[in-house]
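# Analysis of the macromolecular model
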Amino acid sequence: MLKKIMSSLRLYWTKLKAWRVKRRARFRTLPWYRKIANLIISFLVLFLLYLFLVDINFLWLFGKSPSMKSIKDPNQSVASQIISADGKVIGKYFHENRMPVEYNEISPMLIKALISTEDERFYSHHGVDFKGIFAAAKDAMHGRSRGASTITQQLVKNMFKTRKQYSTGLFGYIPGVKLLVAKTKEWTTAVKIEMFYSKDEILTMYLNTVDFGSNAYGIKTAAKTFFKTTPSKLTTEQSATLVGLLKATTSYSPILHPKRSMERRNVVLDNLLSHNVITARECDSLKQLPIKLDYSIEQAFDGDALHFRSYLAKELEGWCKQNGYDLYSDGLKIHVTIDTRLQKYAEEAVDKQMRRVQKRFNEHWQGQNPWQDENHQEIPNFIEDIAKRTEYYRALKTRFANNMDSVDVYMNRPHKIKLFDYEKGEIEKELSPMDSIRYMNRFMHAGFMAMEPESGFVRAWVGDVNFKYWQYDNVGQSKRQPGSTFKLFVYTAAMMHGMSPCDMMTDKQVSWPYRENGEDKMWNPHNADGRFGGYPITLKNAFARSINSIAVQLAQQVGLKDIVKYAHLMGIKTPLEEIPALSLGASDVSLLELVNSYCTVVNEGNYHERVLVTSIEDRDGNVIYTYKPVVRPAIPYEDAWLMLELLKGGLTEPGGTTQALWEWDLFKWNTDFGGKTGTSSNHSDAWFVGVTPKLVGGAWVGGEHRAVHFRTGSLGEGSKSALPIFAMFMEKVLADPALAQYRGKFPAKPKQTITRNYSCHTYMQRSSASDSLESTEGIEPMPDAEQPAEETSAEPTE
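Residues numbered from 1 in each chain as written. Predicted model: local features only at pLDDT ≥ 70, side-chain atom pairs only at ≥ 80, totals over all residues. Heavy atoms only, no water.

Time to look at the pattern of salt bridges. Across all of its chains, the model carries 31 salt bridges by this definition. With a closest N to O distance of 2.8 Å, Glu96 and Arg98 form a salt bridge. Judged by its relative accessible area of 2%, Arg98 is buried. Arg394 is the partner of Glu391 in a salt bridge, and the nearest nitrogen-oxygen pair spans 2.9 Å. (Salt bridge = Lys/Arg side-chain N within 4 Å of Asp/Glu carboxyl O. Buried < 20%, exposed > 50% of the residue type's maximum accessible area, 1.4 Å probe, protein only.)

As structure tokens, this is what we get:
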């Protein structure tokens, strides 16, 4: 078999040689002009054959070329926009910051400047300018190299990145051939583009894809970055500056090289003159003008609600993967529930209150390090342990092969570093990495969010005091001990067991035996002020004053399993530890799920899954996602009504911890309030969740690490640290006429018959036999009645 094949090949080779000899002999007899014509035709045929072979990637020699499908439907990387409920773009997700525009949105002068500078025969060629190629070759022979790529060819490079994304095949490994193959692909693809698109469409695609430097992809982003304007409003000199950038975005950057940029701009103006677009007088006048920039690079995390957007990106990852979209390049329009007006008020409230909190904190710990244990002793190696978790520390260990002496030298070597500062926003100091960690860990942190109880729409989200320095989100990501705000679930379980707000229990010492790790233990919780009244009080008053002993007794009666069950039904998703201290909020939860749970009470016992996104459109405006409300009954209407009465009691019952709200200008807008404060052990976490008929808001204040906190309740409790954030926020919301929909009162009468008594009000009088307060019915409080201290959980958090 092999012999037959070899014999056939030899025979074929012999015939081929004979044909070539015969053809050469015939070629010699042809006239000279026929010879030249033959050579030209042969060259053209071979050239066309070469183009065809490159296009089909013959024998994998040339690498893949852009397909017809990708040319007809090019996949540009376009930034996705986040659009607020009130129609404002609050931010973008992008790898390349590009926002496409239409042809009629581009200044005609920009188009003329581009064509006269980059491709003066643009309207006469079909993708490849052969006249320009021959002229460039001629100049190259005289030592004057210049480009000959048309706008269409440049579009191919920008859109398909033929020199990076597409391989050059086996021939690409041969020096010099790689560039030839890439150029060939640009020619063939440019011709195809000219077949499918009009000249105006090609110009639009080019200006939407080109990189202007400074993280500005496309003309819309470039106009905004350099001149704070739109493509349609670009002036002649601005257009010339941007077109001049295209030759080399770094070399002709008006920021890095202003003189060079002006010279290049003037070259573009000369081109406009030579093509009779502007007059000589106009050209001379424009050349005298300086380049006036309004420069601002748009970063991925510019805009509003930064912690929210970071959290949202993680939320959308799964949806994008499941539905085949790229959040950072598919040009999605994501309509979110955040309202920029409420967001602004929330950020202002957090900033104003946290400046006060930080001032008090600095004065409180003046001259001391705040990372101390329960016995007020500084925690050994606290800063060192934090340092070991930093990227810089790990990099030093790798660099010096775990030589700790070298690592310590660099960790303690001062250098200039930028740090957060309330007054200046950012300061630069000469500090060592260790000292910078000490500096940053003296700051207190916060989280705040507001949510509509009926719709589940999240209207405001502030994840911390500053996103640049603290990306960790204290709304949806962080989980801390909720303290007495968790009593909502203890009392809900009690209502579900048939109790009522008017039932009486005695404030007394309680012990709770339990087993932990096979060992018998006894838990003896105490009240915030360390005292027990020893007299009966209503559950309504106990909830308002946040009496720990009553909450623990209720938990003993209803059982921890039921408390956990109702917490999860109402909105808590985090697993909870079924330990006695759970009744006082010793198990971590997030602010997001806590506020969502309080919304369940206001929403008549119906749990509404929080909504962050209402709809998503693709880059063509097609709606590809619309939210579907997730609503389910969590607790019966009657029990929700009774719990709402308890929340309102924080303002009306004597000693209620929510009564600090009366200090704010909230009550002239015909709006009802309720709420609950919370403080964890050692005052590590301060909480407040406030409720109104139309809006529920929650605030958390604390250190980045639980060991960093106030030492006294008078400074660190929820009513002092967290409640003012909610109060200041609501003060501005209610005062805004455009947000009048958030004003309103709770129903005066229930929709359904309430079988249990809730219309009881406690009055306080001082006992003649002791210094304690006793509850009575129908007795006016004495003027000097004491106000109980803020609550705290009895379980340490450290």
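Bringing a nonpolar patch on the surface into the picture now. A cluster of nonpolar side chains, contributed by Trp32, Tyr33, Ile36 and Ile40, occupies part of the molecular surface with about 480 Å² of accessible area. Since its relative accessible area comes to 62%, Trp32 is described here as exposed. (Patch = residues over 30% accessible without salt bridge, like charges linked within 9 Å, V, L, I, M, F, W, Y side chains within 5 Å. Areas by Shrake-Rupley, 256 points an atom, 1.4 Å probe, with all protein chains shown as cover.)

Before going further, it helps to spend a moment on the side chain of Ser80. Residue placement: Ser80 occurs in strand β1 (residues 80-83). A relative accessible area of 0% places Ser80 in the buried class. Among the polar contacts listed, one links the side chain of Ser80 to the backbone oxygen of Leu327, at a separation of 2.7 Å. Excluding its chain neighbours within four sequence positions, the residues that come into contact with Ser80 are Gly91, Lys92, Tyr93, Asp326, Leu327, Asp330, Gly331, Leu332 and Ile334. (Helix = DSSP H or I, 4+ residues; strand = E, 2+ residues; numbered from the N terminus. Polar contact = N/O pair within 3.5 Å; in protein donor to acceptor, adjacent residues only side chain to side chain. Contact = heavy atoms within 4.5 Å.)

Tallying each qualifying case throughout the model produces 31 aromatic pairs. A centroid spacing of 5.6 Å and a plane angle of 5 degrees characterise the contact between Trp319 and Tyr325, whose relative ring orientation is stacked. Given the relative accessible area of 17%, Trp319 is considered buried. Given a relative accessible area of 26%, Tyr325 falls into the partly exposed group. A ring pair is formed by Phe420 and Phe443, whose centres lie 5.3 Å apart and whose planes are at 65 degrees; its orientation type is edge-to-face. You can see Phe420 sitting in strand β4 (residues 415-421) and its partner Phe443 sitting in the loop between α18 (433-440) and β6 (444-451), a full 23 residues away along the chain. Just as Phe420 is buried, Phe443 falls in that class too. Taken together through their ring pairs, the aromatic side chains of Phe420, Tyr422, Tyr439, Phe443, Tyr469 and Trp470 make up a single cluster. The residue whose ring lies beneath Lys199 is Phe122, and the NZ or CZ to ring-centre distance is 4.4 Å. (Phe/Tyr/Trp six-rings, centres within 6.5 Å; stacked < 30°, edge-to-face > 60°. Lys NZ or Arg CZ within 6 Å of the ring centre and 35° of its normal.)

It is the contact of helix α10 (residues 236-245) with helix α11 (residues 258-274), at a shortest axis distance of 8 Å, that shows an interaxial angle of 110 degrees. Between α10 and α11, the crossing angle belongs to the class labelled roughly perpendicular. As for the relative orientation of α10 and α11, their crossing is right-handed in sense. In contact with Thr236, Glu237, Ala240, Thr241, Val243 and Gly244 of α10, α11 contributes Ser261, Arg264, Arg265, Val268, Leu269 and Leu272. Class assignment for the residues of the contact of α10 with α11 results in five nonpolar, four polar and three charged. (Axes fitted to C-alpha atoms, helices over the stretch in contact; angles between N-to-C directions. Parallel < 35°, antiparallel > 145°, perpendicular 65-115°, else oblique. Left-handed = near helix turned anticlockwise from the far one by under 90°. Nonpolar A, V, L, I, M, F, W, Y, C, P; charged D, E, K, R; others polar.)

Reading across from one edge, β2-β1-β3-β13-β14 is the order of the five strands in this open sheet, with mixed pairing throughout. The strands lining the two open edges of the sheet, one partner per strand, are β2 (89-93) and β14 (623-626). Averaged over all neighbouring strand pairs, the angle between strand axes comes to 20 degrees, with direction disregarded. Relative to β2, β1 is paired through four bridges, and the arrangement is antiparallel. By the bridge assignment for β2, Gln81 is matched with Lys92. (Pairing = 2+ DSSP bridges.)

A separate point is the environment of Arg260. On the secondary structure map, Arg260 appears in helix α11. You can call Arg260 partly exposed: its relative accessible area is 37%. For the pair formed by Arg260 and Gly244, sequence separation is 16 residues and the distance between their alpha carbons is 9.9 Å. Contacts of Arg260, omitting those with residues within four sequence positions, involve Ser251 and Tyr252.

Looking now at the nonpolar core. Within soluble globular proteins, side chains that are nonpolar generally end up buried alongside one another. Membership of the largest hydrophobic core comes to 89 residues, with the highest contact counts inside it found for Leu312, Ile334, Tyr491 and Ile563. Setting aside anything within four residues of it in sequence, one finds Ile334 in contact with Ser80, Gln81, Ile82, Ile83, Tyr93, Leu312, Leu316, Leu327, Val613, Ser615 and Ile616. Among the nonpolar cores identified, the runner-up in size contains 64 residues, and Leu396, Met444, Ala660 and Tyr742 belong to it. (Core = buried A, V, L, I, M, F, W, Y, C linked by side-chain atoms within 4.5 Å.)

So, on to the sheet that holds strand β16 (residues 674-679). Across the sheet, which stays open at both edges, the five strands sit in the order β7-β6-β18-β17-β16 with antiparallel pairing between neighbours. Sheet topology places β7 (458-462) and β16 at the edges, where each strand pairs with a single neighbour. For this sheet the average axis-to-axis angle between neighbouring strands, irrespective of direction, equals 5 degrees. Note: strand β17 (residues 685-691) against strand β18 (residues 696-703), seven bridges, orientation antiparallel. Counted as the bridge partner of Gly690 is Gly697 from β18. Packed on one face of the sheet, helix α23 (residues 591-602) meets β6, β7, β16, β17 and β18 and runs near 150 degrees to β18. Here helix α27 (residues 723-735) sits on the sheet and contacts β6, β7, β16, β17 and β18; the angle it forms with β6, its principal contact strand, is near 45 degrees.

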